[in-house]
Structures are given as C-alpha cells and as structure tokens.
Amino acid sequence: MKNQHIRPLERRDLNRVAYLIDENAMFPSGLLPGMTAAYFDNDEDQRWLVFDDGQVDAACYFVPEEFADNVWNLLMIAVDPKRHGAGLGSQLMKAVETQLATEGVRILLVDTSGTVKFKRTRAFYDILGYQREARIRDYWSDGDDKVTFRKSLT
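What counts as what
Residues numbered from 1 in each chain as written. Predicted model: local features only at pLDDT ≥ 70, side-chain atom pairs only at ≥ 80, totals over all residues. Heavy atoms only, no water. Phe/Tyr/Trp six-rings, centres within 6.5 Å; stacked < 30°, edge-to-face > 60°. Helix = DSSP H or I, 4+ residues; strand = E, 2+ residues; numbered from the N terminus. Buried < 20%, exposed > 50% of the residue type's maximum accessible area, 1.4 Å probe, protein only. Pairing = 2+ DSSP bridges. Axes fitted to C-alpha atoms, helices over the stretch in contact; angles between N-to-C directions. Contact = heavy atoms within 4.5 Å. Salt bridge = Lys/Arg side-chain N within 4 Å of Asp/Glu carboxyl O. Arc of directions from axis to C-beta. Polar contact = N/O pair within 3.5 Å; in protein donor to acceptor, adjacent residues only side chain to side chain. Patch = residues over 30% accessible without salt bridge, like charges linked within 9 Å, V, L, I, M, F, W, Y side chains within 5 Å. Areas by Shrake-Rupley, 256 points an atom, 1.4 Å probe, with all protein chains shown as cover.

Visitor: Hey, could you go over the packing of aromatic side chains for me, with residue numbers and the actual values?
Guide: If you walk through the whole model with that rule in mind, you get seven aromatic pairs. Pairing Phe-62 with Trp-72 gives two aromatic rings, centres 5.9 Å apart and planes at 55 degrees, and the pair type is tilted. Of the two residues, Phe-62 is situated in strand E3 (residues 56-64) and Trp-72 in strand E4 (residues 71-79); the sequence distance between them amounts to ten residues. Comparing Phe-62 with Trp-72 shows no difference in burial state: the two are buried.

Visitor: Could you give an account of the sheet that holds E3, with specific residues and numbers?
Guide: Reading across the sheet, the seven strands line up as E1-E2-E3-E4-E5-E7-E6 and stay open at both edges, with mixed pairing between neighbours. Of all the strands in the sheet, just strand E1 (6-8) and strand E6 (131-141) have a single pairing partner and so form its edges. Going across the sheet, the axis of each strand differs from the next one's by a mean of 25 degrees, ignoring polarity. Bridge analysis of E1 against strand E2 (residues 47-52) gives three bridges, and the strand direction is antiparallel. Paired with Pro-8 across the bridge in E2 is Leu-49. Strand contacts of helix H1 (residues 14-23): E2, E3 and E4, with the helix running at about 85 degrees to E3, the strand carrying the most contacts.

Visitor: Pulling in residues and values, what's your account of the pattern of salt bridges?
Guide: If you walk through the whole model with that rule in mind, you get 14 salt bridges. A salt bridge links Glu-10 to Arg-12; its shortest N-O distance comes to 2.5 Å. Looking at Glu-10, the relative accessible area reads 31%, which means it is partly exposed. For Arg-12, a relative accessible area of 61% translates into the label exposed. A salt bridge links Asp-53 to Arg-83; its shortest N-O distance comes to 3.1 Å. Of this pair, Asp-53 sits in the loop between E2 and E3 while Arg-83 sits in the loop between E4 and helix H3 (88-102), and the two are 30 residues apart along the sequence. Since its relative accessible area comes to 34%, Asp-53 is described here as partly exposed. Salt bridges sharing partners connect three or more residues here, namely Arg-7, Glu-10, Arg-12, Asp-13 and Asp-52.

Visitor: Mind laying out helix H2 (residues 32-40), listing which residues take part and the relevant values?
Guide: Given 3.6 residues to a turn, an α-helix orients residues that are three or four positions apart in the same direction. Listed in full, the buried residues belonging to H2 are Leu-32, Met-35, Thr-36, Tyr-39 and Phe-40. For H2, the angular spread of buried residues about the axis comes to 130 degrees, placing them on one side. With respect to the buried face of H2, the exposed residues turned more than 90 degrees away are Pro-33 and Gly-34. At its buried positions, H2 is contacted by E1, H1, E2 and E3. Of the residues trailing H2, Asn-42 is marked for its positive phi of about 70 degrees.

Visitor: Requested: an account of the side chain of Asp-80, with residues and values cited.
Guide: Here Asp-80 is to be found in the loop between E4 and H3. Polar side-chain contacts of Asp-80 include one of 2.9 Å to the backbone nitrogen of Lys-82. If sequence neighbours within four positions are ignored, Asp-80 has contacts with Arg-16, Tyr-19, Leu-20 and Asp-57.

Visitor: Break down a nonpolar patch on the surface for me, citing the residues and quoting the values.
Guide: Together, Ile-136, Tyr-139 and Trp-140 line one region of the surface with nonpolar side chains, adding up to about 310 Å² of accessible area. For Trp-140, the location among the structural elements is in strand E6.

Shown next, in the form of structure tokens:
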C-alpha cells in the first residue's frame, strides 16, 4: 500500500527542507538550490521525496551511481529533530527502496559519518537491515570517517 504522506518534493517545500538540513547540521542549506536544480528541470535521475502529514517533516534525496549497473545512492535524509524516532525516516526509506526495487535497482548505498554524533544514524541503518560495507578513514575531514552501508533490493 502506498504511503499517503510521502510525495515528490515541490518548490514550495524548499524552505522547510532547508530548515530540516540546518536542524540536523548536515551541510550548508545554501547548497539546496543547486542540489535541486536538475530535479526541477525534470532530470529523472534526481529523486527527492518528502514526508508531509500537514507539514514537511522529513525529506530524502537519491541518485544513481555513475558507471554501476542498477546501483543507487541515498545522498541525504533529514527528519525534524522534534519527530526523531517517530518512524518518518523509516517510512521514507521504505518508499525509496520500494520505488527503486520496482525499477530493477539491485543495490542501494548510503554514506554517513563515523563520528559519535552520527551513532544514532548508523544504528538507524542497522535496524533497517543495511550492511556496513566500508569505512574510509578521515574521508569527510581528519577524524571523520565515511561509513558506507549497502542493501540489496533484489
């Protein structure tokens, strides 16, 4: 059954998504217009979904991996901190996985930080059945490793 609260990103959502990015201290939200430009130009390889049950309280962004056969990468997922633990992120991830699986995508990758601050994020992917596939030391910055998770969608 399709989740009635999950829908594609619309331009009117950008301020709220910027808020979610800022509240989660993910990256400078000023990058958002550039990140969404191709999506709003109807590039089918740029995918944005939001969770909206009266207000956008979660958003995610995913793209195909270049030069890989049916592999996609979730580049961002953000949930309003006031609603962490309420299942919004899990519902978005399920929607992403379902959408991609129906298109024949084999693998979904997710990268996150290896710092203590992102311990809860890593546990989130563990709970969703993602496997810790790789760790690249000092990737994001000195002392901030990149942890790559993998999930087979087939």
